[in-house]
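Letter by letter, the chains look like this.
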Protein chains: 2
Amino acid sequence: MESPQQRRDRRRAEKRRAIRMAAVRIALDEGIEAATVEAISAAADISPRTFFNYFASKEEALVMEPLWRPEELIDLLAARPADEPAFQSLRAVTRDLAVRINGIWGDMKPFIELRSRHPELAAKARAADETKLMDTVFEVVRSRPGVTGRIHARVLVVASFGATISAIQESQESGEPVERLLDEAFALLEKGL
Amino acid sequence: MESPQQRRDRRRAEKRRAIRMAAVRIALDEGIEAATVEAISAAADISPRTFFNYFASKEEALVMEPLWRPEELIDLLAARPADEPAFQSLRAVTRDLAVRINGIWGDMKPFIELRSRHPELAAKARAADETKLMDTVFEVVRSRPGVTGRIHARVLVVASFGATISAIQESQESGEPVERLLDEAFALLEKGL
DNA sequence: CGCAACACTTGCAGGCCGTGCAAGCTTTAC
DNA sequence: GTAAAGCTTGCACGGCCTGCAAGTGTTGCG
């Protein structure tokens, strides 16, 4: 059975999704300046005030849900063998996560289209939680064997994230499979630039 | 002598700087929520409307001027030998530019302090012009010899930028010289992770 | 069932950001 | 000295976002 709490969570998630869809549809069909909170709320059949019970900002509704949450990433890293080199752990973990994209590729399409028309959307949204993501991973990587110092850890993290995002972006533009591009990117990093 | 246009430009730059200083001082002394456009304008002795003749947004006044402009970076890359490997060009250019930081370290201090208290400031400001910066460099790197494809170029750029920013951040936190950390970071990338 | 606790939605009021416009003022050009 | 060009400012307005309190549904329990 479904507990009342689960029920509430599910309905909430559904409504959040519905609002998002309305927002993106307006932004794509009528231009981003037409996607005001008022217009989105009307389309989603809620009051403008309620919109902010679901999203902390208008922008949040116009970008896709982040693919990775910090806690999840930390769990996955912790699940790797403790003596595995940090670089290989990052490689394995980001590969697992990136592959998940293939399953939701269809859902991502409108967001990708919108982002390509308005790059500032992705930039701002990304910066906010991506730096936090990298900071948390940085803390994990620091304590791995073979990591000689803080700058080493920083470079490992920033290069791995960069490779992952590059592969995803390139895959979106060229249509090549994410896995192949990801392997190519990490192989370059492994063998040296 | 000074042409009238130069004179105007200079006065404008001075005023911009003065407004910035007022903004950062308020944000540091009284908290960031006290740094409203109204308060900043009053402190800088201009009208709130005029504030927006100098800055497109309030945030712009609270972060430091970007260290690198795209055109400048492209010029510097173009000045490198055309047959130099892309990685070495990036290494040399970012090193030159990063060293410039040592000359303006003092001016940067308030901004660094403010950014450390409010990370979202740096995140948003950075994302906006940093992605544009990387896109332009990407185009240059793509046409360098030895760059085998788009993903190769992407990884080169994102890793180099990541290394540079890591070195700068680490230097700010640890006090070690930027050059040393930069060398260490690029050496890691060169030999492979 | 009935009632109390809880969660969700909404309106209202208000602060803040950012922009177009037009009026005034200062500097520059001839 | 006068016209053109640039800068500053006030005004009005639209849009984002928040706290608060009132209203409406939902849940849990006797």
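Residues numbered from 1 in each chain as written. Chains lettered and ligands numbered in written order. Predicted model: local features only at pLDDT ≥ 70, side-chain atom pairs only at ≥ 80, totals over all residues. Heavy atoms only, no water.

**Student:** What is the right way to read the overall build of chain A from this model?
**Tutor:** Scanning chain A for helices and strands turns up 10 helices and 0 strands. By the burial criterion, 44% of the 193 residues in chain A qualify as buried. Expressed as a percentage of contacts within chain A between residues at least 6 apart in sequence, the contacts between residues at least 24 apart total 65%. Carbon together with sulfur atoms contributes 53% to the accessible area of chain A, which is approximately 9900 Å² in total. The distance from the centre of the 29 positive side-chain charges to the centre of the 31 negative ones in chain A is 4 Å. (Helix = DSSP H or I, 4+ residues; strand = E, 2+ residues; numbered from the N terminus. Buried < 20%, exposed > 50% of the residue type's maximum accessible area, 1.4 Å probe, protein only. Contact = heavy atoms within 4.5 Å. Areas by Shrake-Rupley, 256 points an atom, 1.4 Å probe, with all protein chains shown as cover. Lys, Arg positive; Asp, Glu negative; His and termini not counted. Charge placed at Lys NZ, Arg CZ, Asp CG, Glu CD.)

**Student:** Which parts of the structure should I look at to understand the environment of Glu60 of chain B?
**Tutor:** All names here are of chain B. Relative to the helices and strands, Glu60 resides in helix 4 (residues 58-62). For Glu60, a relative accessible area of 27% gives the class partly exposed. With 18 residues separating them along the chain, Glu60 and Ala42 place their C-alpha atoms 17 Å apart. Apart from the residues within four sequence positions on either side, Glu60 is in contact with Arg16, Arg20 and Phe55.

**Student:** Sorry, what's going on with the domain arrangement of chain A here?
**Tutor:** Accessible area lost upon the coming together of the parts serves often as the stated size of an interface. Residue and element names in this part refer to chain A. Splitting chain A by domain gives domain 1 (4-62) and domain 2 (70-191). Centre-to-centre, using C-alpha coordinates, domain 1 lies 28 Å away from domain 2. Listed per partner, the contact involves 9 residues of domain 1 and 9 residues of domain 2. Of the roughly 900 Å² buried between domain 1 and domain 2, counting both surfaces, carbon and sulfur atoms make up 73%. (Domains from an automatic or database assignment. Buried area = accessible area lost by both parts, 1.4 Å probe.)

**Student:** Is there a simple way to think about the packing of helix 10 (residues 178-191) of chain A against helix 9 (residues 150-174) of chain B in this case?
**Tutor:** Pairs of packed helices are described in terms of their axes, by the angle between the two and the distance that separates them. Between helix 10 of chain A and helix 9 of chain B, the shortest axis-to-axis distance is 10 Å and the interhelical angle comes to 50 degrees. Classified by the angle between their axes, helix 10 of chain A and helix 9 of chain B sit oblique to one another. Our pair here, helix 10 of chain A against helix 9 of chain B, has a crossing hand that is right-handed. Contacts between helix 10 of chain A and helix 9 of chain B involve Leu181, Glu184, Ala185, Leu188 and Leu189 of chain A on the former and, on the latter, Ile151, His152, Val155 and Ala159 of chain B. (Axes fitted to C-alpha atoms, helices over the stretch in contact; angles between N-to-C directions. Parallel < 35°, antiparallel > 145°, perpendicular 65-115°, else oblique. Left-handed = near helix turned anticlockwise from the far one by under 90°.)

**Student:** Quick question: what am I supposed to make of helix 5 (residues 70-78) of chain B here?
**Tutor:** Note: α-helices contain 3.6 residues per turn, so residues at a spacing of three or four share the same orientation. All names here are of chain B. Looking only at helix 5, the buried set comprises Pro70, Glu72, Leu73 and Leu77. Each buried residue of helix 5 sits inside an arc of 165 degrees when the element is viewed along its axis, so together they form one side. More than 90 degrees from the buried face of helix 5, the exposed residues found are Asp75 and Ala78. (Arc of directions from axis to C-beta.)

**Student:** Before we go on, may I ask you to explain the relation of the copies chain B and chain A in this structure?
**Tutor:** Between the two copies, chain B and chain A, the superposition gives an RMSD of 0.1 Å; the rotation angle is 180 degrees and the shift along the axis is 0.1 Å. Such a turn and shift between the copies fits a two-fold axis. Nearest to the rotation axis, the C-alpha of Gly192 of chain B is located 1.8 Å from it, this being the minimum over chain B. When the interface residues of chain B are mapped onto chain A, 100% of them again fall at the interface, so both copies present the same face. (Least-squares fit on C-alpha atoms with pLDDT ≥ 70 in both.)

**Student:** Explain the interface of chain B and chain A here, please?
**Tutor:** Tallying the contact residues gives 31 residues for chain B and 31 residues for chain A. For the pairing of chain B and chain A, the buried interface totals around 2700 Å² over both sides, and the portion due to carbon and sulfur atoms is 67%. For chain B, the biggest contributors to the area lost against chain A are Ile151, Arg154 and Leu193 of chain B; these three give 27% of the whole. Joining chain B to chain A, the criterion identifies 8 salt bridges. One salt bridge in this structure joins Arg154 of chain B and Glu170 of chain A, with 2.8 Å as the shortest N-O distance. For the side of chain B that touches chain A, the secondary-structure elements that each account for two or more residues are helix 8 (119-142), helix 9 and helix 10 (178-191) of chain B. Among the elements that make up the side of chain B that touches chain A, the one with the highest residue count is helix 9 of chain B (15 residues). The residue inventory of the side of chain B that touches chain A, partitioned by class, reads 16 nonpolar, 6 polar and 9 charged. (Salt bridge = Lys/Arg side-chain N within 4 Å of Asp/Glu carboxyl O. Nonpolar A, V, L, I, M, F, W, Y, C, P; charged D, E, K, R; others polar.)

**Student:** I keep staring at the nonpolar core and nothing clicks. Help me out?
**Tutor:** Soluble, globular proteins show a tendency: their nonpolar side chains are buried together. Membership of the largest hydrophobic core comes to 70 residues, with the highest contact counts inside it found for Val137, Val141 and Leu189 of chain A together with Val137, Val141, Phe161 and Leu189 of chain B. Discounting chain neighbours no more than four positions away, the residues touching Leu189 of chain A are Phe87, Ala159, Ser160 and Ala163 of chain A together with Val155, Ala159, Leu189, Gly192 and Leu193 of chain B. With 22 residues, the next largest nonpolar core counts Ala35, Val37, Ile40 and Leu114 of chain A among its residues. (Core = buried A, V, L, I, M, F, W, Y, C linked by side-chain atoms within 4.5 Å.)

**Student:** Can you walk me through the side chain of His152 of chain B in this structure?
**Tutor:** Along the chain, His152 of chain B turns up in helix 9. By relative accessible area, His152 of chain B is classed as buried at 11%. Separated by 3.0 Å, the side chain of His152 of chain B and the backbone nitrogen of Thr148 of chain B make a polar contact. In contact with His152 of chain B, other than residues within four places in its own chain, are Leu188 of chain A together with Gly146 and Val147 of chain B. (Polar contact = N/O pair within 3.5 Å; in protein donor to acceptor, adjacent residues only side chain to side chain.)

**Student:** In this structure, what is going on with the protein's contact with DNA strand D? I would like to understand it.
**Tutor:** In the region of DNA strand D, 18 residues are neighbours, and Arg49 and Lys58 of chain A together with Ser47, Thr50 and Tyr54 of chain B sit closest. A distance of 3.4 Å is found between a base oxygen of DNA strand D and a side-chain nitrogen or oxygen belonging to Arg49 of chain B. Every element with two or more residues in the surface near DNA strand D is listed here: helix 1 (4-30) and helix 3 (48-54) of chain A together with helix 1 (4-30) and helix 3 (48-54) of chain B. It is helix 3 of chain B that contributes the most residues to the surface near DNA strand D, 4 residues altogether. Class assignment of the residues belonging to the surface near DNA strand D gives a composition of 6 nonpolar, 5 polar and 7 charged. (Near = heavy atom within 4 Å.)

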